[in-house]
Amino acid sequence: TLFSNAVQASLYTAKQIAELILEKQKQGLPAVLGLATGNTPKKVYKELIRLHQYEGLSFHNVVSFNLDEYYPIGSENDQSYTYFMNQNLFSYIDIQPKNIHVPHTDSSPDQITQYCLDYESKIAGFGGIDLQLLGIGRNGHIGFNEPGSSFDSTTRLVNLDSITREDAITDFGTLNKVPHQAISIGIHTIIQAKKILLLALGERKSEIINEAINGEISIQVPASILQTMPQVEYVLDNEAARLI
Ligand code: GLP
């Protein structure tokens, strides 16, 4: 779905999320959301906060699973995704703290494998993700599933690609402060979501969006697998869609 600007695309995305939450509330069921970080979803979260504060939208039945987190990083670090989610969404809505899941990367290396398996089981325990919000990296990554990630991958520790680390300099200040690893839910985990909204905004994303949508399906462009998935909707502004 194409929008003339980032605000329109973000409002539309927030509306889809709000509608799912309300529908699940009517059914007395939890709404299981897969959430993303980065600049792209910020306006979506702003609109969700507005809907909560001014339109009475409750997040009481929302269960959230974030896609990824740097490794290692303390949750108090202002570059951690735990911090990001609190700052950009969770602190302003009535989601129950017990329903929030962001991968914690304080596990020691020998506990990580078990931690990742547990994260997967928790998602499965809620019947999988109802709606997954996704951004896209300039190298085609979704979550932190970097080029080369298997389409069968599940939650695991990953090595970050050099383009990803370079793009993170704006957040961390210098390259040597950018972590080399992250925990990310897998591509398999993502594509099992019942509905996927891939949001891409701005000229910076136009090349990779064209490749992901029109290019060949390859693990070198992780988002390309989404071409085969009927539950995927690309939500783009004009700039991101310029080359497709
Ligand atoms: C990070 C996140 C991704 C996100 C990507 C794009 O690498 N792990 O989930 O999609 O950045 O970020 P931005 O939206 O800031 O362009």
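Provided above is the structure to which this section pertains.
These remarks concern the structure in this document. All of these numbers come straight from a predicted model, not from anything done at the bench.

Rules of the game
- Residues numbered from 1 in each chain as written.
- Predicted model: local features only at pLDDT ≥ 70, side-chain atom pairs only at ≥ 80, totals over all residues.
- Heavy atoms only, no water.
- Phe/Tyr/Trp six-rings, centres within 6.5 Å; stacked < 30°, edge-to-face > 60°.
- Helix = DSSP H or I, 4+ residues; strand = E, 2+ residues; numbered from the N terminus.
- Buried < 20%, exposed > 50% of the residue type's maximum accessible area, 1.4 Å probe, protein only.
- Pairing = 2+ DSSP bridges.
- Contact = heavy atoms within 4.5 Å.
- Axes fitted to C-alpha atoms, helices over the stretch in contact; angles between N-to-C directions.
- Near = heavy atom within 4 Å.
- Polar contact = N/O pair within 3.5 Å; in protein donor to acceptor, adjacent residues only side chain to side chain.
- Areas by Shrake-Rupley, 256 points an atom, 1.4 Å probe, with all protein chains shown as cover.
- Nonpolar A, V, L, I, M, F, W, Y, C, P; charged D, E, K, R; others polar.

**Notes on the packing of aromatic side chains**
Enumeration over the complete set of coordinates arrives at eight aromatic pairs. Where Phe65 meets Tyr119, the ring centres are 5.7 Å apart and the plane angle is 90 degrees; that geometry is what we call edge-to-face. Of this pair, Phe65 sits in strand S3 (residues 62–66) while Tyr119 is found in helix H4 (residues 109–125), placing the two residues 54 residues apart along the sequence. The same class applies to Phe65 and to Tyr119, which are both buried. For the ring pair Tyr70 and Phe172, a centre distance of 5.1 Å and an interplane angle of 90 degrees mean the geometry is edge-to-face.

**Section: the sheet that holds strand S10 (residues 232–237)**
Reading across the sheet, the seven strands line up as S1-S10-S9-S6-S2-S3-S5 and stay open at both edges, with parallel pairing between neighbours. Unpaired on one side and paired on the other, strand S1 (2–3) and strand S5 (100–101) mark the two borders of the sheet. Where strand S2 (residues 31–35) lies against strand S6 (residues 131–134), two bridges are found, and the strand directions are parallel. What sits directly across from Gly34, in S6, is Gln132. Against the sheet, H4 touches S3 and S5, its axis set at about 150 degrees to S3.

**Description of the site of the ligand**
In the vicinity of the ligand, 13 residues are found, and the nearest of them are Asn39, Thr40, Asp68, Phe144 and Lys205. Residue Asn39 places a main-chain N or O atom 2.8 Å away from an oxygen atom belonging to the ligand. Contact between the ligand and Thr40: an oxygen atom at 2.4 Å from a side-chain N or O atom of the residue. When isolated, the ligand has an accessible area of 390 Å², and the protein chains bury 89% of it. Across the shell around the ligand, the residue classes tally to four nonpolar, six polar and three charged.

**Some details on the pairing of S2**
For S2, a buried count of five out of five residues is recorded, marking the element as mostly surrounded by other parts of the structure. What you see with S2 is no split at all: Ala31, Leu33 and Leu35 on one side and Val32 and Gly34 on the other are buried throughout. Bridge count for S2 against S3 is five bridges, and the pairing is parallel. For Ala31, the partnering residue across the bridge sits in S3 and is Val62.

**A look at the pairing of strand S8 (residues 181–184)**
With four bridges joining them, strand S4 (residues 68–71) and S8 adopt antiparallel strand pairing. In the sheet register, Tyr71 faces S8, and the bridge partner there is Gln181. When strand S7 (residues 156–159) meets S8, the two strands line up antiparallel, connected through four bridges. Bridging from a neighbouring strand, Asn159 pairs with Gln181 of S8.

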